[in-house]
Amino acid sequence: MTADTITAADSRINARWLIPVEPFGVVLEHQAVILQGSRIADVLPQSEADQKYRTRETVNLDRHVVMPGLINLHGHTAMSLFRGLADDLPLMTWLNDHIWPAEGRFVSEPFVLDGTRLAMAEMLRTGTTTFSDMYFFPEVTAQAAHDAGMRAQVCFPLMDMPTVWGSGPDEYLRKGAALIEQWQGDEYIMPAIGPHAPYTVSDQPLKDAVALAGKTGAAIQLHLHETAFEVDEAMKATGSRPVTRMAELGVLGRNTQCVHMTQIDDSDLEQLVRSGAHIVHCPESNLKLASGLCPVQTLMDHGINVTIGTDGAASNNDLDLFGELKTAAMVAKVVAGDASALSAHRALEMATLSGARALGREQELGSLVAGKLADLIAVDLSDPFLQPVYDPASHLVYSNHGRAVSHSWIHGVPQLQDGRLTRIDVPDLMLRVSEWRQQILS
């Protein structure tokens, strides 16, 4: 090998195990990931990398599995400041009697900024590199994520009633259009439209949202078929199931993300298949609020793209997506009556490439492939609770929790090094969180 055949690159990551997600179901050993700028330049055996590349930095992870960064496709990040505020309550009681009154009293731009930073710290610490948010003051969330170098789909809220962010649908849509214009095309921030739910948004604002999505290409994310109560009330009021109403209004489409979907009959399934909409599964929130169980394997068997999200920390109560994967895999087996449903590899795909597909960025994110953006994480498998290692993919889903994540990179930039966050001032953040706790308690 001569000097002129050796390629210079920025960074090399040596991994004991590597799960690229593409191709599906593969676990590779003793691999090197070469980073050049914001991209993955190459993925190849370490012995070949020795001959082909010289890098300015080498990170040796000889006890770790390296994989794409996780994509948390649904949450309300600032609600981390309400973590544990109201537990053990059904959804509508939780919303009407506790969460909505608390939001009315405390939610503001500073609240959203600090709550988003708290959520990002937790997500980065547990392996998430891209998240989707639906909450008030989305302009604050977008700027906070951009400043931290974290990817985010930021959905502006849309509903019929006034809130701290606006007087009603017209103002929400006006502010939302400005958000889309400001951030559209950004590498980190993906602005989107967030109609809250069929029971909080009337027909005309939904039509306006569809028109805005068509004009800008922005995605639509909404809570849909979250509970049996929601579906029953819709049938009484309109004679139609919410999915049918959404389809008739043009809300369902290939750029739509339907969150929860715990209540699905054959007609719903047919509408979802026809529309090409994506499903965002939030198993732990659904379990905690007794909302129901999403039939994940049935959806996948019909070719529907199913992704995963944590929902907000006020209803979960954590943002650890690895924990969510374990719950999702186990619940899927019970719902399907089949122990082979939602395998470990399929669960990992759900939290990576499937999430990228729902965002329309599967050509850039979700797998470790040369040319894609360098968003990746490393999980340390050396702890006793992860030993012995027979199958790293199985361990990541069934034995792991997010605290085993040791490193992460977003856009090629280190975000977590040996378990330490590099771009968030945690001590200062904890002081702010403590101040919010005192305010909310008082």
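Conventions and cut-offs
- Residues numbered from 1 in each chain as written.
- Predicted model: local features only at pLDDT ≥ 70, side-chain atom pairs only at ≥ 80, totals over all residues.
- Heavy atoms only, no water.
- UniProt positions renumbered as here; feature names shortened; annotations may be inferred.
- 1 Å grid on protein atoms, 1.4 Å probe; cavity = no way out; pocket = protein on both sides within 12 Å on 5 of 7 lines; lining within 4 Å.
- Points joined across faces, edges and corners; volume = space filled by probe spheres on them.
- Helix = DSSP H or I, 4+ residues; strand = E, 2+ residues; numbered from the N terminus.
- Nonpolar A, V, L, I, M, F, W, Y, C, P; charged D, E, K, R; others polar.
- Buried < 20%, exposed > 50% of the residue type's maximum accessible area, 1.4 Å probe, protein only.
- Pairing = 2+ DSSP bridges.
- Right-handed = clockwise from strand over helix to strand, strands pointing away.
- Expected span 1.5 Å × (residues − 1).
- Patch = residues over 30% accessible without salt bridge, like charges linked within 9 Å, V, L, I, M, F, W, Y side chains within 5 Å.
- Areas by Shrake-Rupley, 256 points an atom, 1.4 Å probe, with all protein chains shown as cover.
- Salt bridge = Lys/Arg side-chain N within 4 Å of Asp/Glu carboxyl O.
- Contact = heavy atoms within 4.5 Å.

- The name an unreviewed UniProt entry assigns to the chain is 5-methylthioadenosine/S-adenosylhomocysteine deaminase, from the organism Marinobacter alkaliphilus.
- The chain has a UniProt comment under Function (unreviewed entry) that states "Catalyzes the deamination of 5-methylthioadenosine and S-adenosyl-L-homocysteine into 5-methylthioinosine and S-inosyl-L-homocysteine, respectively. Is also able to deaminate adenosine."

**Quick look at empty space enclosed by the protein**
- Tallied over the entire structure, the rule returns four cavities of 30 Å³ or more.
- By volume, the largest cavity amounts to about 280 Å³.
- Broken down by element, the residue count for the lining of the largest cavity peaks at six residues, all from helix α2 (residues 91-106).
- By residue class, the composition of the lining of the largest cavity is 13 nonpolar, six polar and three charged.

**Quick look at the UniProt feature "domain: Amidohydrolase-related" (unreviewed entry) in the chain**
- Under the UniProt annotation, the feature "domain: Amidohydrolase-related" (unreviewed entry) is placed at residues 65-412.
- Between the C-alpha atoms that bound residues 65-412 there is a distance of 18 Å. The span itself is 43% helix and 16% strand.

**Examining the pairing of strand β11 (residues 278-281)**
- Alternating positions in β11 separate into two faces, H278 and V280 on one and I279 and H281 on the other, with burial throughout.
- Where strand β10 (residues 256-260) and β11 come together, three bridges link them in parallel fashion. Residue pairing for β11: V259 is matched across the bridge by V280.
- Handedness of the β10-helix α9 (residues 266-275)-β11 crossover: right-handed.

**Points about the pairing of strand β2 (residues 28-36)**
- For strand β1 (residues 7-18) and β2, the ladder comprises seven bridges, and the chain directions are antiparallel. Of the residues in β2, the one forming a bridge with N14 is A32.
- With six bridges joining them, β2 and strand β3 (residues 39-45) adopt antiparallel strand pairing. Paired with Q36 across the two strands is R39, which belongs to β3.
- Where β2 folds back on β3, the antiparallel hairpin that results is connected by two residues, among which G37 adopts a positive phi of roughly 65°.

**Thoughts on helix α3 (residues 109-125)**
- With 17 residues, α3 should cover 24 Å at 1.5 Å per step; its first-to-last C-alpha distance of 24 Å lies within 8% of that length.
- Burial analysis of α3 places 12 of its 17 residues in the buried class, which makes it a mostly covered element.
- Listed as buried for α3 are F111, V112, D114, G115, T116, L118, A119, M120, A121, E122, M123 and L124.
- Positive phi appears at G127, one or two residues downstream of α3, with a value of about 105°.

**Comments concerning a nonpolar patch on the surface**
- A contiguous nonpolar patch, built from L287, L293 and V335 and spanning about 220 Å² of accessible area, is present on the exposed surface.
- Inspection of the secondary structure puts L287 in helix α10 (residues 283-288).
- On the basis of relative accessible area, L287 is assigned to the partly exposed category, the value being 42%.

**Focus on unusual backbone geometry**
- A cis amide bond links E22 to the next residue, P23, at an omega of 0°.
- Counting through the fold element by element, P23 comes out in the loop between β1 and β2.
- Cis geometry marks the peptide bond from Q387 to P388, where omega comes out at -10°.
- Along the chain, P388 falls in the loop between β13 (376-380) and α15 (392-399).
- At H411, a position not held by glycine, the phi torsion is positive, near 60°.
- Inspection of the secondary structure puts H411 in the loop between β14 (405-410) and β15 (413-417).

**Points about the pattern of salt bridges**
- One pass over the structure, following the stated rule, counts 21 salt bridges.
- K236 is the salt-bridge partner of E233, the closest N and O atoms lying 3.4 Å from each other. With E233 and K236 both in helix α7 (residues 228-238) and three residues apart, the pair spans about one turn of that helix.
- Assessed through its relative accessible area of 67%, K236 is described here as exposed.
- Residue D268 is joined to R241 by a salt bridge in which the shortest nitrogen-to-oxygen separation is 2.6 Å. Here D268 is found in helix α9, whereas its partner R241 is found in the loop between α7 and α8 (242-249), with 27 residues between them in sequence.
- Classification of D268 by relative accessible area gives buried; the value is 0%.
- Classification of R241 as buried rests on a relative accessible area of 17%.

**Some words on the UniProt feature "binding site: substrate" (unreviewed entry) in the chain**
- Taking the UniProt record as the reference, the feature "binding site: substrate" (unreviewed entry) is found at E103, H196, E226 and D311. Those annotated residues lining the largest cavity are, specifically, E103, H196, E226 and D311.
- Following the sequence through the fold, E103 ends up in helix α2.
- Overall, E103 belongs to the buried group, its relative accessible area being 7%.
- Those residues in contact with E103, other than ones at most four positions away along the chain, are M79, F82, Y135, F136 and V164.
- Tracing the sequence through the fold places D311 in the loop between β12 (306-308) and α12 (321-336).
- Using a relative accessible area of 5% as the deciding quantity, one classes D311 as buried.
- If near-sequence neighbours (up to four positions away) are discounted, D311 is found in contact with H74, G75, H76, H260, C282, S285 and L319.

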